[in-house]
Amino acid sequence: MSKPLAERLRPQTLNEYIGQQHLIGEGAVLRRMIDSGRISSFILWGPPGVGKTTLAQIIANKLETPFYTLSAVTSGVKDVREVIERAKNARFFSQASPILFIDEIHRFSKSQQDSLLGAVETGVVTLIGATTENPSFEVIRPLLSRCQVYVLKSLEKDDLLKLLANALDKDAMLRKKNVVVKETDAMLRYSGGDARKLLNILELVVEAEDVSGEIVITDEKVRQRLQQNPLAYDKDGELHYDIVSAFIKSIRGSDPDAALYWLARMVEGGEDPTFIARRLVISAAEDIGLANPNALLLANAAFDAVAKIGWPEGRIPLAEATVYLATSPKSNSAYMGIGSALREVQASGNLPVPLHLRNAPTKLMEQLGYASGYKYAHDYKDNFVKQQFLPESIDEKRFWIAQNNPSEQKIAERMKQLWGDDKL
């Protein structure tokens with residue numbers, strides 16, 4: 001039996017790798033690391049089918065170092081320890097630390113992740129983890145502190161078109177069948193930025209054609225074939241990412257009926273309830289925010305309730321939170337504000353903290369002016385006094401901008417009363 005198309009076309013070098021130029025393009029952080037031959041432990045975080053596993057394998061090939069792979073789905077603590085022992089022995093024959101690649105590292109339990117700490121800390125192995133989940137939630141803090149996190153993005157349209165062209169040009173089996181792609185919109189839409197899904201769709205449509213001559217692929221042909229085999233291109237259970245996207249966008253769009261429908265799809269499909277609850281918490285902070293601060297409290301309460309009462313009753317607090325969030329007024333001012341502040345930090349670097357805002361625990365610091373001139377707000381009327389809190393060079397910058405909803409307009413009015421026009 002031949003390998004799937006996605007496996008046949010798996011890139012072997014960085015030059016063959018498509019996408020993620022912010023990481024592996026000329027001068028990018030991973031490219032520099034690979035070219036230098038010095039790899040530190042890191043975690044690749046991104047959606048399915050964007051090249052996490054492939055990138056790890058390319059790095060191992062490039063460095064010509066021992067490469068061990070574990071799947072968090074099938075491996076236990078014993079497997080981890082066995083690989084670490086093998087890696088220790090391999091170091092006698094290799095100057096660079098062996099690479100341990102762990103796919104779906106978010107599925108490792110705390111004890112499994114703990115078993116990695118010593119080997120990563122001492123350099124017995126260089127860890128490369130891959131995850132579709134936010135490492136901040138799924139990877140223990142001691143391990144996360146020893147790894148840099150790199151974010152991979154869904155492939156852009158140009159990347160997917162290049163991938164299609166490569167498949168038609170380089171794959172012997174497709175060339176033998178004389179495949180012509182006349183239209184690409186349907187394939188691109190169904191693939192959703194996922195390279196593996198795109199190639200699975202192409203292969204599925206081609207294999208369904210029982211013709212001796214030229215195989216012409218059109219949007220209509222793709223739609224017909226995928227309706228007949230709705231899960232054929234979703235062999236790794238990746239459909240839930242599409243559904244949760246529809247779920248969150250329905251909440252953001254204030255449609256409680258659609259939000260409940262997509263919630264039901266996830267419940268019926270056996271989705272992890274904590275996966276759903278976590279996204280409700282994120283949505284409450286990102287999409288409702290200060291327009292209704294109670295949304296975050298309710299979403300957190302739903303998260304706790306699911307953990308306490310389990311399944312299937314947990315669907316009820318999830319539904320309650322879903323309806324509440326969907327029907328709440330919306331604001332992303334906090335989300336936009338932290339984004340704006342982060343861009344400023346990245347642009348201006350480590351600006352000095354104003355002297356009057358610094359602590360002065362020693363006599364020397366006091367003599368140097370630390371804490372000098374600081375005004376304690378509670379000593380003043382209404383517990384407020386004007387003073388400078390931002391670094392001097394960006395004192396005029398504004399990151400949080402109130403949006404047009406009753407809650408934030410009330411906040412904005414209070415800020416105006418305190419600061420006058422300084423905070424508008």
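Residues numbered from 1 in each chain as written. Predicted model: local features only at pLDDT ≥ 70, side-chain atom pairs only at ≥ 80, totals over all residues. Heavy atoms only, no water.

A. Fine view of the overall build of the protein. Assigned secondary structure in the protein consists of 21 helices and seven strands. Across its three principal axes, the protein shows a C-alpha extent of roughly 85 × 60 × 45 Å. Looking at the protein as a whole, 41% of its 424 residues qualify as buried. Counting contacts in the protein only where the partners sit at least 6 residues apart, residues at least 24 apart contribute 72% of the total. About 23500 Å² of surface is accessible on the protein, with carbon and sulfur atoms providing 52% of the total. Of the side-chain charges in the protein, 52 are positive and 54 negative, and the distance between the mean point of each set is 3 Å. (Helix = DSSP H or I, 4+ residues; strand = E, 2+ residues; numbered from the N terminus. Buried < 20%, exposed > 50% of the residue type's maximum accessible area, 1.4 Å probe, protein only. Contact = heavy atoms within 4.5 Å. Areas by Shrake-Rupley, 256 points an atom, 1.4 Å probe, with all protein chains shown as cover. Lys, Arg positive; Asp, Glu negative; His and termini not counted. Charge placed at Lys NZ, Arg CZ, Asp CG, Glu CD.)

B. Highlighting the nonpolar core. Ranked by internal contacts, the top residues of the largest apolar core, which has 26 residues, are Met187, Leu202, Ile217 and Val222. Of all the elements in the fold, those that place two or more residues in this core are helix H1 (5-8), helix H9 (157-170), helix H11 (185-191), helix H12 (195-208), strand E7 (215-217) and helix H13 (219-228). The biggest single contributor to this core is H12, with eight residues. Beyond its immediate chain neighbours, meaning those up to four positions away, Met187 contacts Leu164, Val181, Leu198, Ile201, Leu202, Ile217 and Val222. (Core = buried A, V, L, I, M, F, W, Y, C linked by side-chain atoms within 4.5 Å.)

C. Broad picture of the packing of helix H17 (residues 294-309) against helix H18 (residues 315-327). Contact geometry of H17 with H18 gives a least axis separation of 9 Å together with a crossing angle of 170°. As judged from the angle between their axes, H17 and H18 are roughly antiparallel. The chirality of how H17 crosses H18 is left-handed. Across the interface between the two elements, Asn294, Ala295, Leu298, Ala302, Ala305, Val306 and Ile309 of H17 pack against Pro317, Leu318, Glu320, Ala321, Tyr324 and Leu325 of H18. (Axes fitted to C-alpha atoms, helices over the stretch in contact; angles between N-to-C directions. Parallel < 35°, antiparallel > 145°, perpendicular 65-115°, else oblique. Left-handed = near helix turned anticlockwise from the far one by under 90°.)

D. Quick peek at a nonpolar patch on the surface. On the surface, a nonpolar cluster with roughly 330 Å² of combined accessible area is contributed by Tyr374, Tyr376 and Phe389. If you trace the backbone, Phe389 turns up in the loop between helix H20 (363-367) and helix H21 (406-419). Since its relative accessible area comes to 43%, Phe389 is described here as partly exposed. (Patch = residues over 30% accessible without salt bridge, like charges linked within 9 Å, V, L, I, M, F, W, Y side chains within 5 Å. Salt bridge = Lys/Arg side-chain N within 4 Å of Asp/Glu carboxyl O.)

E. Region of interest: the side chain of Glu203. In this fold, Glu203 is placed in helix H12. Within polar-contact distance, the side chain of Glu203 engages the backbone nitrogen of Leu5 at 3.2 Å. Look past the residues within four positions of Glu203 in its chain and what remains in contact with it is Lys3, Pro4, Leu5 and Arg8. (Polar contact = N/O pair within 3.5 Å; in protein donor to acceptor, adjacent residues only side chain to side chain.)

F. Representation of helix H16 (residues 273-288) within the structure. The end-to-end C-alpha separation of H16 is 21 Å, in line with the 22 Å expected for 16 residues at 1.5 Å each. The element H16 is largely enclosed, with a buried count of twelve among its 16 residues. Turning to H16, its buried residues number three or more, namely Pro273, Phe275, Ile276, Ala277, Arg278, Arg279, Leu280, Val281, Ser283, Ala284, Asp287 and Ile288. (Expected span 1.5 Å × (residues − 1).)

G. Representation of the packing of aromatic side chains in the model. Across all of its chains, the model carries four aromatic pairs by this definition. Judged by centre distance (6.2 Å) and plane angle (15°), the rings of Phe67 and Phe101 are stacked. Taken as a pair, Phe67 in strand E2 (residues 67-71) and Phe101 in strand E3 (residues 99-103) lie far apart in primary sequence, 34 residues in all. Judged by its relative accessible area of 26%, Phe67 falls in the partly exposed class. Classification of Phe101 by relative accessible area gives buried; the value is 2%. The side chain of Arg189 reaches across the aromatic face of Tyr190, ending 5.5 Å from its centre. Note that Arg279 overlies the ring of Phe275, its terminal NZ or CZ placed 3.8 Å from the centroid. (Phe/Tyr/Trp six-rings, centres within 6.5 Å; stacked < 30°, edge-to-face > 60°. Lys NZ or Arg CZ within 6 Å of the ring centre and 35° of its normal.)

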